[in-house]
Amino acid sequence: MGQLQNFSKGFIKDNPVFVLLLGLCPALGVTTSAFNGLGMGLATTFVLFSSNLVVSVIKNLIPDKVRIPAFIVVIASFVTITDLVMEAYMPGLYDALGLFIPLIVVNCLVMGRAEAFARKNNTLSSVVDGLGMGLGFAFALTVLGGVREILGAGELFGFSFFEGDGMLVFVLAPGAFIGLGYLIALNNIIKKRIE
Amino acid sequence: MEYFVIIIGAVFVNNIVLAQFLGICPYLGVSARVSTSIGMSGAVMFVMTLATLVTFLIFNYILVPLDITYLQTISYILVVASLVQMVEIILKKVSPALYQALGIFLPLIVTNCAILGVTILAVREDHGFHLLEAVVFAIGHALGFALTIILFAGIREHLDMMDVPKGMRGAPAALVVAGILALAFMGFAGLV
């Protein structure tokens, strides 16, 4: 597989949220606006990129039986770095994302790529995979956040589309589930067209 | 009375799945049958209560006195992971019947963000919980998880027999159903 294909598979074909259904908790929890979705997506991309890099470098040093705890420690260290950096430099976004930043540790996507990809491939492929999958995740979160923000508040990244109140339900919890449901269905259709 | 308020708040008002979006993976993954969702709820309740008890003690008696609370994430995930392993080994020896029932769900729980989420929430300063309150808080959230996943499994068993449009089959339809359930649970907002 070429590196370009390796990078781009995360967007439509193997999108972590729309197709693999991984990392749904942050995907539903923080996407009240496109900006929050993008912030969460980029934070996860950083963790995924770094953990894939480290895991692929040290994969031969870790005995097979203790690999899962070892991966968890690597991932948790990068999550703690992200947590502290965001608290210091982006306090607004940090408050909006709240609990979901420490919870990047248990995002099945990060663990899944370490276990399924970085453990078996060379460093370059692993880094490209981490970056592609992470940006695919950020793409999905931004789209879902954008849909909810436009329908719920009539805005996107601060640009206002219409006056007055939107459908408030899309900013609240039920809108997250329903919005994601229809986006997955849409992605299924697009995927079929491409094939 | 105070414990009652904590439980009602955790089960209905701040429902862990439908209001706080934690534990979505098992919620969608093991809710195809009512029987498996009951097994999963049992395992979650067991681990969540134990994990909150242990992490609460670690946070207040080790991390806070040594002023290393920034190690919270790393220490908590290690506690949860090793606790699950330990529970699995002990159950296998002590109660093979319970192990049979919960066994396959236990490894899945390590990456269940509901567990880590509740253990972190239980030591948040704005609650100011003491030990017993924190444990009740965990039990309440586990009950909330059990309620929603069993309700959802019951609906999904019927959904299988319905004529759903092709593109919506599987996950999309399940998510829309979850959205409608969340809408129903919004009726409890402001109760406590």
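None of these values were measured; they are calculated from a predicted model.

Definitions and cut-offs
- Residues numbered from 1 in each chain as written.
- Chains lettered and ligands numbered in written order.
- Predicted model: local features only at pLDDT ≥ 70, side-chain atom pairs only at ≥ 80, totals over all residues.
- Helix = DSSP H or I, 4+ residues; strand = E, 2+ residues; numbered from the N terminus.
- Rg over C-alpha atoms; globule rule 2.2 N^0.38 Å.
- Buried ≥ 20, exposed ≤ 12 C-beta atoms within 10 Å, placed from the backbone.
- Contact = placed C-beta atoms within 7 Å.
- Core = buried A, V, L, I, M, F, W, Y, C linked by C-beta atoms within 7 Å.
- Axes fitted to C-alpha atoms, helices over the stretch in contact; angles between N-to-C directions.
- Parallel < 35°, antiparallel > 145°, perpendicular 65-115°, else oblique.
- Left-handed = near helix turned anticlockwise from the far one by under 90°.
- pLDDT = per-residue confidence, 0-100.
- Expected span 1.5 Å × (residues − 1).

## Brief notes about the overall build of chain A
Part 1: Within chain A, the regular secondary structure consists of eight helices and two strands.
Part 2: For chain A, the sequential pattern of α-helices and β-strands runs α-α-α-α-α-α-α-β-β-α.
Part 3: In terms of overall size, chain A behaves like a compact globule, its C-alpha atoms giving a radius of gyration of 17 Å where 195 residues would be expected to give roughly 16 Å.
Part 4: On the principal axes, the C-alpha backbone points of chain A span a range of 60 × 45 × 25 Å.
Part 5: The buried share of chain A, taken over its 195 residues, is 51%.

## Here's the deal with the overall build of chain B
Part 1: The secondary structure content of chain B amounts to nine helices and zero strands.
Part 2: Across chain B, helices and strands are ordered from the amino to the carboxyl terminus as α-α-α-α-α-α-α-α-α.
Part 3: A compact globule built from 192 residues should have a C-alpha radius of gyration of about 16 Å, and chain B, at 18 Å, falls within 12% of that.
Part 4: The 192 residues of chain B split such that 42% are buried.

## Some remarks on the environment of Ala153(B)
Part 1: Looking at the element boundaries, Ala153(B) is found in helix α8 (residues 131-159).
Part 2: Excluding anything up to four places from it in sequence, Ala153(B) contacts Ser31(B), Ala32(B), Arg33(B), Val34(B) and Ser37(B).

## Observations regarding helix α7 (residues 113-122) of chain B
Part 1: Within α7(B), ten of the ten residues are buried, leaving the element largely enclosed by the surrounding structure.
Part 2: Every buried residue belonging to α7(B) is among Cys113(B), Ala114(B), Ile115(B), Leu116(B), Gly117(B), Val118(B), Thr119(B), Ile120(B), Leu121(B) and Ala122(B), and all of these are buried.
Part 3: Looking at the buried positions of α7(B), the neighbouring elements they touch are α2 (24-29) of chain A together with α3 (34-63), α4 (72-94), α6 (106-109) and α8 of chain B.

## Points about the interface of chain A and chain B
Part 1: Chain A puts 34 residues into the contact, and the matching count from chain B is 30 residues.
Part 2: Taken together, the elements giving at least two residues each to the side of chain A that touches chain B come down to α2, α4 (67-89), α6 (108-118) and α8 (173-194) of chain A.
Part 3: Per-element tally for the side of chain A that touches chain B: the top contributor is α8(A), with twelve residues.

## Section: the nonpolar core
Part 1: In this structure, Ile75(A), Val47(B) and Leu116(B) are the most contacted members of the largest nonpolar core, which totals 113 residues.
Part 2: Among the elements that line this core, the one with the most residues is helix α7 (residues 123-153) of chain A, at twelve residues.
Part 3: When sequence neighbours within four positions are dropped, the list of residues in contact with Val47(B) reads Leu83(B), Val84(B), Val87(B), Ile109(B) and Ile115(B).

## Points about the packing of α7(A) against α8(A)
Residues and elements named next belong to chain A.
Part 1: As a packed pair, α7 and α8 sit with axes 10 Å apart at the nearest point and diverge in direction by 120°. By the angle between their axes, α7 is oblique relative to α8. The crossing of α7 and α8 is right-handed. Residues Val 143, Leu 144, Val 147, Arg 148 and Gly 152 of α7 form the contact with α8, whose own contacting residues are Gly 175, Ala 176, Gly 179, Leu 180 and Leu 183.

## A look at the confidence of the model for chain B
Part 1: Residues of chain B with pLDDT of at least 70 account for 95%, and the chain-wide mean is 84.
Part 2: α8(B) holds the highest mean pLDDT among the elements of chain B, 90, whereas α6(B) holds the lowest, 72.

## Points about the packing of α7(B) against α8(B)
Packed helices, taken two at a time, are described by the angle between their axes plus the distance between the axes.
Residues and elements named next belong to chain B.
Part 1: At a minimum axis distance of 10 Å, the contact between α7 and α8 shows a crossing angle of 145°. The way α7 lies across α8 gives a crossing that is right-handed. Contact with α7, carried on its side by Ala 114, Val 118 and Ala 122, involves Ala 134, Phe 137, Ala 138, His 141 and Phe 145 of α8 and no other residues of that element.

## So, helix α3 (residues 34-58) of chain A
Part 1: The end-to-end C-alpha distance of α3(A), which contains 25 residues, comes to 36 Å, matching closely the 36 Å that a straight helix rising 1.5 Å per residue would cover.
Part 2: Counting buried positions over the 25 residues of α3(A) gives 19, a clear majority of the element.

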